[in-house]
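Below, each chain spelled out in residue letters.
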Amino acid sequence: MTSSPALTYHVTPGGALRGHVRVPGDKSISHRAIMLGSIAQGVTEVSGFLEGEDCLATLAAFRALGVRIEQTGPGKVVIHGVGLHGLKAPAAPLDLGNSGTSMRLLAGLLCGQPFDVTLTGDASLSRRPMKRVTGPLARMGAHIEATPQGTAPLALLGGQPLSGIDYTLPVASAQVKSALLLAGLYAHGRSCVTEPAPTRDHTERMLRGFGCAVEQNGATVCVTGGGELRATPIAVPADISSAAFFMVGASIAAGSDVTLDHVGINPTRIGVINILRLMGADITLHNERAVGGEPVADIRVRARRLHGIRIPEDQVPLAIDEFPALFIAAACAEGETVLTGAHELRVKESDRIQVMADGLARMGIAARPTADGIVIQGGVLGGGEIDSHGDHRIAMAFAMVALCARDAVTINDCANVNTSFPGFVELARGAGLQVASSK
Ligand code: S3P
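Residues numbered from 1 in each chain as written. Predicted model: local features only at pLDDT ≥ 70, side-chain atom pairs only at ≥ 80, totals over all residues. Heavy atoms only, no water.

### Quick look at the state of the cysteines
Next, step 1: Under the definition given, this model contains two disulfides.
Next, step 2: Two residues, Cys332 and Cys404, share a disulfide whose sulfurs are 2.1 Å apart. Linking Cys332 in helix α9 (residues 323-332) with Cys404 in the loop between α11 (392-399) and β22 (409-412), this pair joins segments that are 72 residues apart in sequence.
Next, step 3: Overall, Cys332 belongs to the buried group, its relative accessible area being 10%.
Next, step 4: With no disulfide of its own, Cys414 lies closest to Cys404 among cysteine sulfurs, the gap being 17 Å.
Next, step 5: Since its relative accessible area comes to 1%, Cys414 is described here as buried. (Disulfide = S-S within 2.5 Å. Helix = DSSP H or I, 4+ residues; strand = E, 2+ residues; numbered from the N terminus. Buried < 20%, exposed > 50% of the residue type's maximum accessible area, 1.4 Å probe, protein only.)

### With respect to the domain arrangement of the protein
A common way to state how big an interface is: give the accessible area lost once the parts meet.
Next, step 1: Examined at the domain level, the protein breaks down into domain 1 (8-25 + 237-438) and domain 2 (27-235).
Next, step 2: Taking the mean C-alpha position of each, domain 1 and domain 2 sit 28 Å from one another.
Next, step 3: Each partner contributes residues to the interface: domain 1 has 27 residues there, and domain 2 has 25 residues.
Next, step 4: Of the roughly 2200 Å² buried between domain 1 and domain 2, counting both surfaces, carbon and sulfur atoms make up 47%.
Next, step 5: Taken as a group, Arg269, Glu349 and Thr419 account for 23% of the area that domain 1 buries against domain 2, more than any other trio of residues on that side.
Next, step 6: Counting the contacts that link domain 1 with domain 2 gives three salt bridges.
Next, step 7: The interface formed by domain 1 and domain 2 contains 14 residue pairs in polar contact (both at pLDDT 80 or more).
Next, step 8: Residues that form the side of domain 1 that touches domain 2 fall into these classes: ten nonpolar, nine polar and eight charged. (Domains from an automatic or database assignment. Contact = heavy atoms within 4.5 Å. Buried area = accessible area lost by both parts, 1.4 Å probe. Salt bridge = Lys/Arg side-chain N within 4 Å of Asp/Glu carboxyl O. Polar contact = N/O pair within 3.5 Å; in protein donor to acceptor, adjacent residues only side chain to side chain. Nonpolar A, V, L, I, M, F, W, Y, C, P; charged D, E, K, R; others polar.)

Below is the structure:
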């Protein structure tokens, strides 16, 4: 599952974003479609599936667990569900590549199975904290061995009976919440998770779509074990996290007017729209509709001068993956932008606070990292050579810099863009970004 680190992006200053853009399918929803479709009774047909490396890692994992999954066309997947108790022991460890969502959700879904299974990942995933999920799962009765640092590989011991717990998340994390709910499907009694702030609720929505009674009471969500999931068709909307790069790009490049078609606007994901609007962005939503239990809209963004803001902390979990892009908006804005309450950014695919601060500093922007955020002084971006540290969202964020930088920019280590946004360079170039890639 490891990508070659040799891909480089070259961006040339100038250009504007125009026209209609349809970014690939939502990563979070695509993962969940494979997972729930696999353990449902019946055949689940998925359209709009994201064929990025992360979701393909989940797909390969379920094939290795004995599920027949057909890829019948672009974005089309047919899953022959085996029921909650139909998964089989895989012949080898499941390699989840760069994908934190695969590893954390699978830890929950697989820890109550009758067989042993080991979860592995690439160097970045093997550094990421897993105790946040193995800790509460152990309280449910799971037996999971990690490294002494609490990182992958995770060895899950089969045949452990699980019982429901009441758990309050110490950090807002949809991955941990989802892992516990998925384990809860296999647990005796009721499993409840309380979150300190709202996080993406795709698991809850999709479980309901599959006929599972999910109880929601304020910040607490509960499932009861022993039920069954029934297959249902899933239409995956375009990923707002991928659309975010174009939202920022169109805001910062004079003359831009771009419409991002069919984007998921789940209220737990729209922090990027809220934050950009607070910075003065011109963003309008059109054709709002519901598709398969998720709200969707076309998002039109026209260029407008942005100004720095203090980002409200309640927006942080709602925009958690969009900060690399938002930091570029802040660097091109007038005045200072201050982010606090975002320590989680330090444990994503890279330390996104440090890596973005280093990259912006190289381009001549005053960007001061803090323990849980950053202070960015908007200014004139020069050019230079940026290291993305193999982080897909850092690479794509810096690619957008072309739209407001003075000089050319080279971004190294971009192959992992394929984890979430296959075809990024072609799509961005079609919309007006002056970007090319070389091996
Ligand atoms: C995700 C949840 C988020 C997000 C990740 C995808 C998910 O992680 O950063 O890219 O699909 O549940 P946390 O919940 O750990 O913040």
